[in-house]
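Here are the chains, one letter per residue:
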Amino acid sequence: MKVRTQSHLSHLEALEAEAIHIIREAVAEAINPVMLYSIGKDSSVMLHLAQKAFFPAPLPFPLLHVDTTWKFGEMIEFRAKMTQLVGADLLVHQNPECIELGINPFDHGSSVHTDMWKTQGLKQALDKYGFDLAFGGARRDEEKSRAKERVFSFRSDKHVWDPKNQRPELWNIYNARHGAGESIRVFPLSNWTELDVWQYIYLEAIPVVPLYFAKVRPVVERDGMLIMVDDDRMKLRPEESIQQRKVRFRTLGCYPLTGAVDSDSENLEGILTELFTATTSERQGRLIDHDAAGSMEKKKIEGYF
Amino acid sequence: MKVRSSQPTGPVADFLAAQESKGLLRFITCGSVDDGKSTLIGRLLYESKQIFDDQLAALSQDSERVGTQGGNLDFALLTDGLQAEREQGITIDVAYRFFSTDRRTFIVADTPGHEQYTRNMVTGASTADLAIVLIDARKGVLTQTRRHTFLVHLLGITNVIVAINKIDLVDYDASVFESIEKEYREFSRDFGFTNLSFVPVSALNGDNITTRSVAMPWYTGETLLTILEETEGHILTHDKPFRMYVQSVSRPNQDFRGYLGFVASGSLAVGDNIQVQPSGRISRVASLPGFDGERQQVVAGESIQIVLTDEIDISRGDLLCTPESAPEVGTQFEAFVVWTDETEMMPHRSYLLKIGTKTVGVMIDKPKYKINVNTLEHLAASTLELNDIAVCILATDRPVAFDQYVENRYSGAFVIIDRMTSKTVGAGMIRHSLRRDLNISWQQTSIERHHREELNRQRSATIWFTGLSGSGKSTLANALEIRLHAMGLRTYLLDGDNLRHGLTRDLGFTTADRIENLRRASHVAQILNNAGVLVLACFISPFESERTSAKEVIGQDSFIEVFVDAPLAVTEKRDPKGLYKKARAGDLPNFTGIDSEYERPISPAIHIHTDELGVEAGVDAILQYLRDQKLLP
């Protein structure tokens with residue numbers, strides 16, 4: 001039991017309470033909700049908050065993973081372990097068109113790969129199951145266009161976000177109403193920062209993919225990033241050689257598009273210590289944000305989560 | 001939150017211990033265009049080491065490309081998130097930013113100073129504990145300053161820091177600072193700001209942001225950041241009465257019934273009495289179960305679950321309170337309404353109102369007065385347009401529980417949602433309840449609708465004909481009534497034109513009048529249905545909102561929508577009353593189909609194309625439907 005020694009909530013307690021309120025409100029107003037599960041640390045936190053929100057009842061929605069087939073092998077293992085542990089119903093969607101065309105980040109580049117597997121894949125999955133509300137783990141501190149997005153963010157029947165025409169969101173009263181075919185994306189972690197997420201994982205002992213912790217891994221330097229050779233689909237360029245380096249990942253995505261950082265942080269204490277003194281932001285390790293100025297905003301307008 | 005079994009040690013432990021006592025402060029920055037709001041926030045982020053190397057590199061790249069500070073870092077670019085806005089050089093929506101110091105964590109709502117964006121400022125202010133009002137030292141108190149200050153007051157913020165920016169551009173002159181402070185204090189005297197401070201700053205150069213400026217020895221107050229760290233006064237307070245709107249009822253099995261919600265104010269302990277509003281039922285807290293175990297007490301700001309000792313009827317939207325301090329319960333109240341949509345407010349149209357977690361139907365009266373936010377003058381108004389603020393009377397279709405906004409921010413605030421577009425079209429703050437509905441209660445009568453229906457040996461319902469003028473509504477309804485009458489049924493044909501000779505003689509054809517016309521007609525139809533009579537109602541009823549309202553008044557099961565459909569070319573050619581000709585000549589404004597819209601029914605019960613189907617065939621189709629619905633003997 002919690003013993004409170006101060007009159008106000010700590011900032012993490014306030015953020016937790018806000019996120020739980022958001023999750024409950026979304027479920028109460030949705031017809032057919034789903035939680036987007038990307039296996040990363042933010043998804044882990046969101047899933048944990050959802051369990052807290054409805055305890056002792058089971059999760060009132062399934063989890064959906066939009067799989068690109070290019071995720072780290074350890075992520076897929078972790079996915080199986082977590083969903084079993086939580087007792088969640090997991091749906092996995094892989095864009096059949098991408099499978100047929102063999103879309104991959106090496107031959108088609110990061111933007112085609114991301115658009116086809118993730119953006120189009122997500123739209124297909126939402127249409128296929130008829131979900132009218134989807135939770136996502138995005139945070140406003142990640143990227144500038146996110147900073148302006150609402151907690152309950154409206155999407156047209158074509159899954160389009162119109163940044164110029166967002167619903168005003170006042171107090172903690174959320175409007176989840178929508179017409180047929182339209183949908184709502186809900187971001188319970190909107191007001192969390194990367195440091196908040198790690199502190200919370202630490203305090204609550206939430207399991208995360210081991211790739212976040214430093215370990216000697218096979219990597220190559222490519223385009224200024226450290227890319228891990230996760231399987232034999234990665235072809236080395238003539239000038240490249242595999243190095244064994246002690247690295248970790250600050251964010252997780254498709255392995256050929258996710259850069260590792262040199263690190264000695266083998267556990268949560270190490271990560272937190274690293275974060276107090278961090279000098280680079282976590283999305284730096286993501287190729288997709290660097291494509292063009294305002295690239296995330298463009299992707300979101302097109303229907304990226 | 002769970003406390004770890006193995007206590008950490010070392011630097012992480014020290015860090016976490018410091019975090020544990022750190023609170024959260026949400027604030028808003030407001031000021032006019034070019035007062036330097038975004039620059040100030042950028043500066044706060046920079047000074048509190050929240051900007052990472054790669055962001056700084058991107059910033060310096062952006063500063064060179066689109067910056068407005070020559071070669072120097074343009075901090076405003078950090079917060080101007082959306083690409084289009086960056087290119088226009090202004091922030092046009094609400095952006096949220098995060099930073100923390102050793103003493104506090106902050107969430108900043110960056111809101112625009114643009115004249116037309118009252119909506120965004122109100123949004124940012126609705127969750128803020130404190131407001132920073134920026135004033136350009138060279139310009140002093142402007143119209144916009146007064147507007148922003150009034151909105152800060154309207155949204156219930158009592159902690160205000162006035163940052164007098166660009167003080168370097170007036171040579172750090174103390175007299176400029178003093179005269180602005182004097183003027184500001186005067187005009188804001190009645191706003192009840194309990195913590196009001198003034199700081200001379202230069203966001204661009206960093207004077208008095210985190211460190212005392214050497215250029216202004218005459219300023220003896222604290223730096224901006226110190227004031228942010230030290231101001232007390234959270235909106236969620238524990239010393240107020242307990243309030244929690246029920247979000248949902250959790251029933252994982254037969255033996256468990258938990259009420260989920262967010263504690264808006266006060267505290268609650270196991271054993272406390274609870275009153276449910278609006279029903280007024282009372283029970284007691286049996287337990288406060290949670291993921292981390294049973295709780296003995298919970299406080300404002302927490303998301304909790306309550307189990308009660310009695311099985312009483314509680315559903316989503318009910319307000320749980322302590323019996324000693326009951327909220328208001330009623331269907332009418334007066335409120336400040338801020339209109340947030342491009343489409344103007346329609347008095348008497350049925351909108352949705354969401355207060356806490358409860359959503360009900362609501363009608364807004366014509367505004368009592370509109371407020372000129374620049375002069376605070378009261379102006380007459382018949383409607384509300386985007387960014388208007390007015391005092392209105394609202395009437396809900398069911399009783400709701402609420403408090404005055406000044407007493408409780410969360411149980412005194414609501415949003416208004418358009419039924420058709422689902423957009424959030426307005427927001428409001430309750431001033432006080434209106435007692436007039438308390439004197440009106442339903443008189444119970446012994447003979448009810450079903451008794452009259454039995455005596456008449458028929459079911460009652462309303463067949464609602466909607467369609468353009470000349471589409472054939474009256475012709476069809478008349479032919480149908482003849483057939484029903486011949487079958488021995490008691491009927492009444494309510495005709496829009498005929499009602500306008502008496503009951504609705506005071507109404508014209510503006511949108512507002514059409515809405516009122518249909519409201520009255522719906523109630524007449526409902527009364528006739530209660531009398532056991534089958535009603536045939538012929539009204540153009542061009543708006544889906546009003547047809548939905550009619551359905552709610554008359555009752556879902558008693559309302560049969562018949563869409564009498566004919567192309568405009570056909571109805572205009574028929575023109576039985578010569579109205580189209582007049583409308584085309586400009587003699588009949590607001591004529592449906594010509595200069596006023598007809599919204600086609602989305603899912604009518606019966607859809608009749610009168611340009612293809614004869615009258616008798618149309619009547620047969622309706623009779624068949626009535627038989628299928630078992631409405632005919």
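Here the residue index of a chain counts from 1 through its sequence in written order. Labels are handed out in written order, letters beginning with A for the chains and numbers beginning with 1 for the ligands. Owing to the predicted nature of the model, reporting of local features is limited to residues with pLDDT of at least 70; listing and counting of side-chain atom pairs is limited to 80 or more, with chain, interface and lining totals taken over all residues. Values shown for side chains rest on all heavy atoms present in the structure; no hydrogens or waters enter the calculation.

*Asks:* How should I be thinking about the packing of helix α1 (residues 11-29) of chain A against helix α6 (residues 194-204) of chain A in this particular structure?
*Replies:* The description of two helices packed together rests on the angle between their axes and the distance between the axes. All names here are of chain A. It is at 11 Å that the axes of α1 and α6 come closest, and there the two elements cross at 90°. Here α6 runs roughly perpendicular to α1, going by the angle between their axes. Between α1, through H11, L12, L15 and E16, and α6, the contact on the second element is made entirely by D196, Q199, Y200, L203 and E204. Three classes are used: nonpolar for Ala, Val, Leu, Ile, Met, Phe, Trp, Tyr, Cys and Pro, charged for Asp, Glu, Lys and Arg, and polar for all others, with Gly counted as polar. Taken together, the residues of the contact of α1 with α6 sort by class into four nonpolar, two polar and three charged. The axes used here are C-alpha line fits, helices contributing only the stretch in contact, and every angle between their N-to-C directions lies in the interval 0 to 180 degrees. Each helix is a run of DSSP H or I of at least 4 residues and each strand a run of E of at least 2, with the numbering of both proceeding from the N terminus. By definition in this entry, angles of less than 35 degrees are roughly parallel, angles greater than 145 are roughly antiparallel, angles of 65 to 115 are roughly perpendicular, and the rest are oblique. The contact criterion used throughout is that any non-hydrogen atoms of two residues lie within 4.5 Å.

*Asks:* Looking at this structure, I do not really get the packing of helix α11 (residues 473-486) of chain B against helix α17 (residues 615-628) of chain B. What am I missing?
*Replies:* Residues and elements named next belong to chain B. At their nearest, the axes of α11 and α17 sit 9 Å apart, and the two run at 60° to each other. In terms of their interaxial angle, α11 and α17 are classed as oblique. Considering only the axes of α11 and α17, their crossing is right-handed. On α17, the residues that touch T475, L476, A479, L480, R483 and L484 of α11 are V615, E616, G618, V619, D620, I622, L623 and L626. Partitioned by chemical class, the residues of the contact of α11 with α17 number nine nonpolar, two polar and three charged. A clockwise turn of the near helix away from the far one marks a right-handed crossing, whereas an anticlockwise turn of less than a right angle marks a left-handed crossing.

*Asks:* Would you mind going over the sheet that holds strand β3 (residues 104-110) of chain B with me for this structure?
*Replies:* Residues and elements named next belong to chain B. We treat two strands as partners when DSSP finds at least two bridges between them. A sheet is described by the order of its strands in space; here six strands give the open sequence β2-β3-β1-β4-β5-β6, paired in mixed fashion. Each edge of the open sheet carries a strand with a single partner, namely β2 (95-100) and β6 (195-200). In this sheet, neighbouring strand axes are inclined to one another by 25° on average, regardless of whether the strands run parallel or antiparallel. When β2 meets β3, the two strands line up antiparallel, connected through six bridges.

*Asks:* Any chance you could explain the packing of aromatic side chains here in plain terms?
*Replies:* Between two aromatic rings, the relevant description is the distance of the centres plus the angle of the planes. Pairing of aromatic rings covers Phe, Tyr and Trp, the last through its six-membered ring, and needs centres within 6.5 Å; plane angles under 30 degrees mean stacked, over 60 mean edge-to-face, and all others mean tilted. Applying the stated criterion across every chain, the model contains 28 aromatic pairs over all chains. Ring centres of F55 of chain A and F291 of chain B lie 5.8 Å apart, and the angle between their planes is 85°; on these two criteria the pair is classed as edge-to-face. With F55 of chain A in the loop between α2 (41-54) and β2 (63-66) and F291 of chain B in the loop between β11 (282-287) and β12 (297-299), the pair connects residues from two separate chains. Judged by its relative accessible area of 31%, F55 of chain A falls in the partly exposed class. Centroid distance F150 of chain B to F191 of chain B: 6.3 Å. Interplanar angle 55°. Geometry classified as tilted. On the criterion of sequence distance, the pair formed by F150 of chain B in helix α7 (residues 143-154) and F191 of chain B in the loop between α8 (174-187) and β6 is long-range, its members being 41 residues apart. Both residues of the pair, F150 of chain B and F191 of chain B, count as buried. One aromatic cluster is present, built from ring pairs that chain together W70, F72, F106, F249 and Y255 of chain A. Lysine and arginine charges are scored as sitting over a ring when NZ or CZ, respectively, is within 6 Å of the ring centre and within 35 degrees of the ring normal. Lying over the aromatic face of F543 of chain B, R349 of chain B brings its terminal NZ or CZ to 5.2 Å of the ring centre. Directly above the ring of F509 of chain B sits R500 of chain B, whose terminal nitrogen or CZ lies 4.0 Å from the centroid. A 1.4 Å probe rolled over the protein chains alone gives each residue an accessible area, and that area as a share of the maximum for its type sets the label: buried under 20%, exposed over 50%, partly exposed in between.

*Asks:* I would appreciate a short explanation of the nonpolar core in the present structure.
*Replies:* A general feature of soluble globular proteins is that nonpolar side chains tend to end up buried together. Each nonpolar core is a collection of buried residues, namely Ala, Val, Leu, Ile, Met, Phe, Trp, Tyr and Cys, held together in the definition by side-chain atoms within 4.5 Å. Judged by nonpolar contacts, the single largest core of 78 residues is most densely connected at V45, L49, F61, F135, F152, W192 and W198 of chain A. Residue contributions to this core peak at eight residues, all from α1 of chain A. Setting aside residues no more than four positions away along its own chain, W198 of chain A makes contact with K41, V208, Y212, L268, I271, L272 and L275 of chain A. In this structure, L40, A137, L155 and L228 of chain B belong to the second largest nonpolar core, which totals 73 residues.

*Asks:* Looking at this structure, how should I read the pairing of strand β7 (residues 215-222) of chain A?
*Replies:* Each regular strand displays side chains that alternate between the two surfaces of the sheet. All names here are of chain A. Pairing of β7 with strand β9 (residues 243-248), which is carried by five bridges, proceeds in the antiparallel orientation. If you follow K215 over to β9, its bridge partner there is V247. Taken together, the four bridges between β7 and strand β8 (residues 225-228) define a ladder with antiparallel strand orientation. Across the sheet, R222 pairs through a bridge with M225, a residue of β8. Between the antiparallel neighbours β7 and β8 lie two residues, among them D223 with a positive phi of about 50°.

*Asks:* How should the confidence of the model for chain B be read in this particular structure?
*Replies:* Detail in the predicted coordinates should be disregarded across regions flagged by low pLDDT. For chain B, per-residue confidence averages 87 on the pLDDT scale, and 88% of positions sit at 70 or higher. A residue's pLDDT is simply how confident the predictor is in it, with values from 0 to 100. Within chain B, helix α5 (residues 83-88) of chain B has the poorest average pLDDT of any element, 51, and strand β21 (residues 413-417) of chain B the best, 98.

*Asks:* Please explain the pattern of salt bridges as it appears in this structure.
*Replies:* Oppositely charged side chains can pair when the atoms bearing their charge come close. Only one rule defines a salt bridge in this text: a Lys or Arg side-chain nitrogen within 4 Å of an Asp or Glu carboxyl oxygen. Taken as a whole and assessed by the stated rule, the structure comprises 53 salt bridges over all chains. Between R139 of chain A and D141 of chain A there is a salt bridge; the shortest N-O distance is 2.9 Å. For R139 of chain A, a relative accessible area of 1% corresponds to the buried category. E453 of chain B serves as the salt-bridge partner of R449 of chain B, at 3.3 Å between the closest nitrogen and oxygen. Here R449 of chain B and its partner E453 of chain B are both found in helix α10 (residues 449-456), four residues apart, which amounts to about one turn of the helix.

*Asks:* Can you walk me through the sheet that holds strand β4 (residues 133-135) of chain A in this structure?
*Replies:* Strand pairs in the sheet, formed through backbone hydrogen bonds, run parallel or antiparallel to each other. Residue and element names in this part refer to chain A. An order of β3-β2-β1-β4-β6-β5 is seen for the six strands of this open sheet, with the pairing classed as mixed. Because the sheet does not close on itself, it has two edges, and the strands there are β3 (90-93) and β5 (152-155). Neighbouring strand axes in the sheet, compared pairwise and without regard to direction, differ in orientation by 30° on average. Bridge analysis of β4 against strand β6 (residues 183-186) gives three bridges, and the strand direction is parallel. Along β6, the bridge assignment pairs A134 with R185. Those strands touched by α1 are β4, β5 and β6, and its axis lies near 160° from that of β4. Where helix α5 (residues 105-129) meets the sheet, its contacts fall on β1 (33-36), β2, β3, β4 and β6, and the angle it forms with β2 comes to roughly 145°.

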